[in-house]
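# Chains, contacts and geometry: an overview
Letter by letter, the chains look like this.
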Amino acid sequence: MQALNTLSTPACIIDEPKLIANARRVAQQCEAQGVALRPHIKTLKSLEAAAIYAPLPMPITVSTLAEARAFAEAGYQDILYAVGLSPNKFAQVNALLNDAVTLTVVIDSTDAAAQLCDQAHQLDHPLRVAIEIDVDGQRAGVAAIDESLIAIAAKVATTPSLTFAGVMGHAGASYGCFDAVSRDQMAQQECQQVLLAAKNLADAGYPCTMISAGSTPTVLASASREGLSEMRAGVYATFDLVMAGLGVCAYSDIALSVLTCVIGHQKDKHWVLIDAGWMALSRDTGTQNHPLDCGYGLVCDEQGKILEGWYVAHTNQEHGVVKHRDGRTPDESFAYGTMLRILPVHACATAAQYHSYHVTQDNEHTHASWPRINGW
């Protein structure tokens, strides 16, 4: 056990009781809606954290094959790699299959299907393949009514060593839904589109065992999940300022923060200088189109209590500049050497700056250090 104020800064802090509460909230939401949960472990990429919100033998979602490898070695057997598969990763995929992992990969084009099918003879075990559905025009995926949908499934289903699994979608547009009504509508749209794609495929003779949807804003929305096999979400484990800006969580729910130290002042500008720049906080800034500008993060005291009006206005590589929205002069709360904590704008990006997390239960001491899985 170590006192927070003795840690070298910047340091990434996990509030374990909040992490547990966030995990319980989403698990209970999915249970109440009668749908299975496949947590996305991409935010923290930590086996110790996943033991709380994705305990074995739960199925998981990953964003890198490095995550898949580490979690497979820890005993996770049902893994969805939720990023479009590229040809240069076929060997990594085969290595995972050789370790008896039930791995599902994602494609969304006839070109991707053709390359995968051409190389499938090199696979030593069957590989599950899902088609990503574009549910909102936001990112990747094929439309539920696109004629290529059936062609992709047909190509996969008729190729030895490949198993057509079904469909998955992600409502990235939910990150622009600033009220409960719009989030509910987006959640329903997300479900309707993946279900429509599954129906069109089934009608063509390609039934889907996987009908997967989800994002943190939509998994916590009110919508019918009838017909889905599972929901996916990830950042809910810690939440962040984006989620708070959307109204999905409260600031007090955010379980990740960056411990930093006051290293100086620019008194004529009413600035406080801290030793956490963009290398510690990331380059992500406040919720787009939201009236509350939280800059590169909101400022808290050492115990994690928000200091109203103070935020990280701009950053350099190793320097952060804290100021007040109203131009207020810093008081003794910002004396040289004072420890502060910064709530992250985007938890995934902030967490990615660190190799490990300091875990606290009382916001005064750390009781564990959790390593992070980095790389691709």
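Scroll up for the structure.
Let me sum up the structure you'll find in this document. (Residues numbered from 1 in each chain as written. Predicted model: local features only at pLDDT ≥ 70, side-chain atom pairs only at ≥ 80, totals over all residues. Heavy atoms only, no water.)

### With respect to the environment of Ala27
Here is the rule we go by: Here a helix means four or more residues in a row that DSSP labels H or I, a strand means two or more in a row labelled E, and each is numbered from the N terminus. When a residue's accessible area, from a 1.4 Å probe over protein chains only, is under 20% of the maximum for its type it is buried; when over 50% it is exposed; and in between it is partly exposed.
Mapped onto the elements, Ala27 comes out in helix α1 (residues 16–32). Residue classification places Ala27 among the partly exposed residues on the basis of a relative accessible area of 36%. Sequence separation of Ala27 and His365 is 338 residues, and the distance between their C-alpha atoms is 28 Å.

### Thoughts on unusual backbone geometry
The omega torsion across Thr9 and Pro10 is 0°, close enough to zero to call that bond cis. By secondary structure assignment, the location of Pro10 is in the loop between β1 (2–3) and β2 (11–15). In this model, Leu56 is joined to Pro57 through a cis peptide bond whose omega is 5°. Along the chain, Pro57 falls in the loop between α2 (47–53) and β4 (60–62). Even without being glycine, Lys45 reaches a positive phi, approximately 50°. Here Lys45 lies in the loop between β3 (36–39) and α2. Residues other than glycine seldom take positive phi values, yet His270 does so here, at roughly 60°. Among the secondary structure elements, His270 is positioned in the loop between β11 (256–266) and β12 (271–274).

### Some thoughts on the packing of helix α3 (residues 65–73) against helix α4 (residues 90–97)
Each pair of packed helices gets described by two things: the angle between the helix axes and the distance between those axes. To keep things clear, this is the line we draw: Note on geometry: axes are C-alpha line fits, over the in-contact stretch for helices, and angles between N-to-C directions span 0 to 180 degrees. Roughly parallel covers angles under 35 degrees, roughly antiparallel covers those over 145, roughly perpendicular covers 65 to 115, and oblique covers all other angles. Each helix crossing is assigned a hand: it is left-handed if the near helix lies turned anticlockwise from the far helix by less than a right angle, otherwise right-handed if that turn is clockwise. For this analysis, residues touch if any pair of their heavy atoms sits within 4.5 Å.
Two elements in contact, α3 and α4, have axes whose closest approach is 11 Å; the angle formed by their N-to-C orientations is 15°. The angle between the axes of α3 and α4 places the two elements in the roughly parallel class. Crossing angle aside, the handedness with which α3 passes α4 is left-handed. Contacts between α3 and α4 involve Leu65, Ala68, Arg69 and Ala72 from the former and Gln92, Val93, Ala95 and Leu96 from the latter.

### Side note on helix α6 (residues 148–157)
For the record, the criterion: The reported arc concerns the directions from the helix axis to the C-beta atoms and nothing else.
Of the positions making up α6, those classed as buried are Ser148, Leu149, Ile152, Ala153 and Val156. Viewed end-on, α6 has its buried residues packed into an arc of 140°, placing them on one side of the element.

So far we have only geometry, and geometry alone does not tell us how the molecule works.
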